[in-house]
Amino acid sequence: MKHHGKITPPKPGQDARLDQSVLSRIAALKTMSVKELKTEWERLLGSAAPNNSRAFLEARIAYRLQELTYGGPDRETRRMLDLLADEVEGVSRRKNQIADPRNPVAGTRLIREWNGVEHTITVLKDGFEWQGRKYKSLSGIAREITGVRWNGYRFFGLQVRPREV
């Protein structure tokens, strides 16, 4: 399909014949042996299958069939997944970071009194501002104010809200 000059893959439900073809291919996975599934894996993913788990192979191959037909995750979703992977692996290969859920909305002013002095911090889209200077973290501001290391969120009384059950 063409959309604004770009070729975009069809979405599920737009082409009944295409949908039926994908569903038939996925259903056929149930009839394959593990050896056949591993061969299909190599054909579709270009590498040796990582294990012999039938359920894993079927699920991943089914996903790949849909991905090849309908397209994969959009750019923003891929970026978010990359950032999450960096976070889990404890490395920072990318410049952006995932917004901390404890951060208030940009424009919010945080007020903290320390040793009789009131400090006002403004939450920015990409950090914090205090006394006309921009900081990447609240911990940096807390350290400037107190002279010792603090968890910035704790210092300013910000916590993750518990999930509703």
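Structural data are supplied above this passage.
Every value quoted in this text rests on a predicted model; they were computed, and no experiment measured them.

**Concerning the sheet that holds strand β4 (residues 117-124)**
Whether parallel or antiparallel, the strands of a sheet pair through hydrogen bonds between backbone atoms.
Then, number 1: Reading across from one edge, β3-β4-β5-β6 is the order of the four strands in this open sheet, with antiparallel pairing throughout. Edge positions in the sheet fall to β3 (109-114) and β6 (133-135), since each has one partner strand and no second. Recorded for the sheet is a direction-independent mean angle of 30 degrees between the axes of neighbouring strands.
Then, number 2: Packing against the sheet, helix α5 (residues 138-146) makes contact with β3, β4, β5 (127-130) and β6, and its axis sits at approximately 25 degrees to β5.

**Here we look at α5**
Then, number 1: Turning to α5, its buried residues number three or more, namely Leu138, Gly140, Ile141, Ala142, Ile145 and Thr146.
Then, number 2: Once α5 finishes, Gly147 follows within two positions and takes phi at roughly 85 degrees, a positive value.

**What about the nonpolar core?**
Then, number 1: By size, the foremost hydrophobic cluster in this structure holds 14 residues, and its most contacted members are Leu110, Ile121, Leu138, Ile141 and Phe156.
Then, number 2: At the level of secondary structure, the elements contributing two or more residues to this core comprise β4, β5, α5 and α6 (152-155).
Then, number 3: If you tally residues by element for this core, the top one is α5, at four residues.
Then, number 4: Core analysis: the second largest hydrophobic core is formed by nine residues, Leu29, Trp41, Ile61 and Ala62 among them.

**A word on the pattern of salt bridges**
Then, number 1: Overall, the coordinates contain six salt bridges when judged by the stated rule.
Then, number 2: The closest approach of N and O atoms between Glu40 and Arg25, which form a salt bridge, is 4.0 Å. Of this pair, Glu40 sits in helix α2 (residues 34-45) while Arg25 is found in helix α1 (residues 16-29), placing the two residues 15 residues apart along the sequence.
Then, number 3: Salt-bridge contacts for Arg64 lead to Glu67; the nearest nitrogen and oxygen are separated by 2.8 Å.

Rules used in this analysis
- Residues numbered from 1 in each chain as written.
- Predicted model: local features only at pLDDT ≥ 70, side-chain atom pairs only at ≥ 80, totals over all residues.
- Heavy atoms only, no water.
- Pairing = 2+ DSSP bridges.
- Helix = DSSP H or I, 4+ residues; strand = E, 2+ residues; numbered from the N terminus.
- Axes fitted to C-alpha atoms, helices over the stretch in contact; angles between N-to-C directions.
- Contact = heavy atoms within 4.5 Å.
- Buried < 20%, exposed > 50% of the residue type's maximum accessible area, 1.4 Å probe, protein only.
- Core = buried A, V, L, I, M, F, W, Y, C linked by side-chain atoms within 4.5 Å.
- Salt bridge = Lys/Arg side-chain N within 4 Å of Asp/Glu carboxyl O.

All we've got here are geometric facts, nothing functional implied.
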